[in-house]
Amino acid sequence: MTKGKVDALLGIVFGDEGKGKVVDVFTPRYDVVARFAGGPNAGHTIIFEGKKFVLRSIPSGIFDEGKLNIIGNGCVIAPDLFAAEAHELEAAGYDLKSRLHISKRAHLILPTHRVLDRAYEAAKGKNKVGTTGKGIGPTYSEKASRTGLRVGDILDNFQEKYNALKARHMQILSDMHYTDFDITEEEKLWMEGVEYLRQFPLTDTEIEINRALEAGKNVLAEGAQGTMLDIDHGTYPFVSSSSTVCGGVCTGLGVAPNRIGEVFGIFKAYSTRVGAGPFPVELFDETGDLIREVGHEYGAVTGRNRRCGWLDLVALKYAIMLNGVTQLIMMKSDVLDGFDTIRVCTAYEKDGVQTTDMPYDTEGWKAVYEDLPGWKTDLTQMTSEQQFPLQLRDYISYIEKETATPITIVSVGPDRAQTIMR
Ligand code: GDP
Ligand code: IMO
Ligand code: MG
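Scope of this entry: the structure provided in the associated data block. (Residues numbered from 1 in each chain as written. Chains lettered and ligands numbered in written order. Predicted model: local features only at pLDDT ≥ 70, side-chain atom pairs only at ≥ 80, totals over all residues. Heavy atoms only, no water.)

Overview of the overall build of the protein chain
No. 1: When helices and strands are tallied, the protein chain shows 11 helices and 20 strands.
No. 2: Here the C-alpha atoms of the protein chain give a radius of gyration of 21 Å, agreeing with the 22 Å that 2.2 N^0.38 yields for 422 residues.
No. 3: By principal-axis analysis of the C-alpha atoms, the protein chain measures approximately 65 × 50 × 40 Å.
No. 4: Taking all 422 residues of the protein chain together, 56% fall into the buried category. (Helix = DSSP H or I, 4+ residues; strand = E, 2+ residues; numbered from the N terminus. Rg over C-alpha atoms; globule rule 2.2 N^0.38 Å. Buried < 20%, exposed > 50% of the residue type's maximum accessible area, 1.4 Å probe, protein only.)

Set out below in structure tokens:
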């Protein structure tokens, strides 16, 4: 990491790659950790010293008491969920109020945005996206249509603005004949969340971050979701609603492109996806079930089964290109410990045609595989690369060669300590 720069740590596939774990490991090297996109659709797991936390809106740098954490302008925030998340950290002994700054420009997720999320999903029927139900799509839609409410709005005449937006939502829901819901209790908690939010520094975070950079400090931008869920470059319409790619760091924090330093692209040694949408490497057999079981591939936010498959080099190369990834981080290598053969998808095929470029319409493509030998060794206790079995070294070299990008970290277990720097 270089002083005066923003390094980005980005999920480069379908999310849940282990971003939270690595941000927590990296935090001691940085002055500021900032989230630039997404909201409580994220679930970032951090495990250390026998404790486990799942963060949704709060950056994963929060466990290092000396560091400033920022929720940037590109994020969306649900005050009730934010309060619940923050209370859990406070109960565990972490003081947040002085070192968690929130952008006044971040948009608010209203309880009725969550109802709209459910209503739009229900209206899509079998074409539903399989959202996390956190109101993400409706909130970002309203940001784009210039009708949303921002964190800064809570500082002035808020109840009136809230009532007006809620009334608009109720009208849409009534027009859709979606009336079977009751937000009375939720709304009460939400308003309490707004009061709690007022206790935090609500700032112009883009100015703060740029001042820090000018002073020679360094910033880690923590991605949420993954490149294949990006609103522009993912498997649209089966995507989230924000810019999850490196360009999103610039817009979501207010930093110029020439401030970006290293771009860490994080991926699992295999593939997963939650929710609907094309997934050419998906396994419907016992191998897929085994990966899910060994990798505990159940959603951190919704508890849903994650769909599982082998590593997808088509997606990986596409994401490396879009993000300008300078270093790769391979997670959950230990999950493949028991396999005789490890497959890697090198191309997609449809109607006898093969491609290694991500197609516009990823529906209907089948994965073409290359087989590599498994290492059949327990990696979880390893502490240095020197202990790695030959087949794992070959797997790493193979990916590095195919992607022309170095893998600088290999993760061999969920704990902070199970992280091997190369
Ligand atoms: P994020 O959304 O990218 O932060 O990732 P999630 O927290 O949603 O999902 C990653 C899951 O894998 C969490 O349950 C982590 O505790 C776990 N995990 C992270 N790294 C490793 C690893 O190297 N090995 C294993 N077995 N689990 C890991
Ligand atoms: P982290 O940051 C994995 C998926 C949802 C759904 C689609 C749209 O933990 O990696 P949304 O609620 O955003 O409108 O849902 O995106 N999705 C994620 N999948 N990890 C995430 O975040 C995700 N956030 C959203 O499952 O398919
Ligand atoms: Mg997650």
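Next comes the rest of the write-up.
Comments concerning unusual backbone geometry
No. 1: Geometrically, the link from Tyr-236 to Pro-237 is a cis peptide bond, its omega value of 5° lying close to zero.
No. 2: Its location among the elements puts Pro-237 in the loop between β10 (219–222) and α8 (246–253).
No. 3: In this structure, Asp-351 takes a positive phi of about 50° despite not being glycine.
No. 4: Within the secondary structure, Asp-351 is located in the loop between β16 (341–350) and β17 (353–355).
No. 5: Relative accessible area serves as the criterion here: at 75%, Asp-351 is assigned to the exposed category.

A closer look at the site of ligand 2
No. 1: Contacts to ligand 2 come from 21 residues, most closely from Asp-16, Lys-19, His-44, Thr-132 and Ser-240.
No. 2: A distance of 2.7 Å separates an oxygen atom of ligand 2 from a polar side-chain atom of Lys-19.
No. 3: Gly-130 has a polar backbone atom sitting 3.5 Å from an oxygen atom of ligand 2.
No. 4: Coverage of ligand 2 by the protein amounts to 98% of the 550 Å² it exposes when considered alone.
No. 5: Looking at side-chain class alone, the shell around ligand 2 contains eight nonpolar, 10 polar and three charged residues. (Near = heavy atom within 4 Å. Polar contact = N/O pair within 3.5 Å; in protein donor to acceptor, adjacent residues only side chain to side chain. Areas by Shrake-Rupley, 256 points an atom, 1.4 Å probe, with all protein chains shown as cover. Nonpolar A, V, L, I, M, F, W, Y, C, P; charged D, E, K, R; others polar.)

Here we look at the side chain of Asp-153
No. 1: Positionally, Asp-153 belongs in the loop between α4 (136–144) and α5 (158–175).
No. 2: On the basis of relative accessibility, which here comes to 18%, the residue Asp-153 falls in the buried class.
No. 3: Among the polar contacts made by the side chain of Asp-153, one reaches the side chain of Lys-161 at a distance of 2.9 Å.
No. 4: Apart from the residues lying within four places of it in its own chain, the contact partners of Asp-153 are Gly-148, Phe-158 and Lys-161. (Contact = heavy atoms within 4.5 Å.)

Points about the sheet that holds strand β15 (residues 327–331)
Sheet strands pair by backbone hydrogen bonding; their relative direction is either parallel or antiparallel.
No. 1: Reading across the sheet, the 10 strands line up as β9-β7-β5-β2-β10-β1-β11-β15-β19-β20 and stay open at both edges, with mixed pairing between neighbours. Each edge of the open sheet carries a strand with a single partner, namely β9 (202–203) and β20 (419–421).
No. 2: Alignment of strand β1 (residues 6–11) against β10, held across four bridges, turns out to be parallel. Residue pairing across strands places Val-6 opposite Val-219, the latter belonging to β10.
No. 3: Strands β1, β2 (32–35), β10 and β11 (260–268) of the sheet are contacted by α8, whose axis makes an angle of about 125° with β1. (Pairing = 2+ DSSP bridges. Axes fitted to C-alpha atoms, helices over the stretch in contact; angles between N-to-C directions.)

Details of the coordination of the magnesium ion (ligand 3)
Coordination angles at a metal have ideal targets, namely 109.5 degrees for four tetrahedral donors and 90 or 180 degrees for six octahedral donors.
No. 1: Within the protein, the magnesium ion (ligand 3) binds to Asp-16 (OD) and Gly-43 (O); these donor distances fall in the range 2.1 to 2.2 Å. A residue pair is termed long-range when its members are at least 10 positions apart, and Asp-16 in the loop between β1 and α1 (19–26) and Gly-43 in the loop between β2 and β3 (44–48) qualify at 27 residues. (Donors = N, O, S within 2.8 Å, 3.2 Å for Na, K, Ca; no water.)

A look at the pattern of salt bridges
No. 1: What the rule picks out here adds up to 28 salt bridges.
No. 2: Between Glu-206 and Arg-105 there is a salt bridge; the shortest N-O distance is 3.0 Å. Pair noted here: Glu-206 is in helix α7 (residues 205–214) and Arg-105 is in the loop between β7 (100–103) and β8 (107–108), with a separation of 101 residues, a long-range link.
No. 3: Taking the relative accessible area as the measure of exposure, Glu-206 reaches 16% and is therefore buried.
No. 4: Among the residues examined, Arg-105 registers a relative accessible area of 35% and is labelled partly exposed.
No. 5: Taking the shortest distance from any N to any O, the salt bridge between Lys-166 and Glu-187 comes out at 3.0 Å. Pair noted here: Lys-166 is in helix α5 and Glu-187 is in helix α6 (residues 184–197), with a separation of 21 residues, a long-range link.
No. 6: Take Glu-187: its relative accessible area is 17%, and that puts it in the buried class.
No. 7: Residues joined in a network through salt bridges with shared partners are Asp-16, Lys-268, Glu-297, Arg-306 and Lys-332. (Salt bridge = Lys/Arg side-chain N within 4 Å of Asp/Glu carboxyl O.)

Some remarks on the environment of Lys-188
No. 1: One can find Lys-188 in helix α6.
No. 2: Taking the C-alpha atoms as reference points, Lys-188 and Ala-221, 33 residues apart in sequence, are found 33 Å from one another.

Observations regarding α5
No. 1: For α5, with 18 residues, the first-to-last C-alpha span of 26 Å sits near the 26 Å given by 1.5 Å per residue.
No. 2: Among all positions of α5, only Phe-158, Tyr-162, Leu-165, His-169 and Leu-173 are buried. One side of α5 carries all its buried residues, which in axial view fall inside an arc of 85°. Every exposed residue of α5 that faces more than 90 degrees away from the buried side is listed here: Glu-160 and Asp-175.
No. 3: Next to the buried residues of α5 lie β8, α3 (111–124), α4 and α6.
No. 4: His-177 lies just past α5 and shows a positive phi near 60°. (Expected span 1.5 Å × (residues − 1). Arc of directions from axis to C-beta.)

Observations concerning the pairing of β7
No. 1: Taking every second residue as pointing to the same face, both faces of β7 are buried, with Leu-100 and Ile-102 on one and His-101 and Ser-103 on the other.
No. 2: In the sheet, strand β5 (residues 68–71) pairs with β7 via three bridges, with the strands oriented parallel. Across the sheet, the residue bridging to Ile-71 is Ile-102, located in β7.
No. 3: With two bridges joining them, β7 and β9 adopt parallel strand pairing. Across the sheet, residue Ser-103 finds its bridge partner in β9, namely Thr-203.

Describing the packing of helix α10 (residues 313–323) against helix α11 (residues 390–403)
No. 1: Where α10 meets α11, the axes come as close as 10 Å, and the angle between the chain directions of the two elements is 55°. Regarding the angle of α10 to α11, the classification is oblique. Crossing hand, α10 versus α11: right-handed. Every residue of α11 that contacts α10 at Leu-313, Leu-316, Lys-317 and Ile-320 is listed here: Tyr-398, Ile-399, Glu-402 and Thr-403.
No. 2: Classifying every residue of the contact of α10 with α11 gives five nonpolar, one polar and two charged. (Parallel < 35°, antiparallel > 145°, perpendicular 65-115°, else oblique. Left-handed = near helix turned anticlockwise from the far one by under 90°.)

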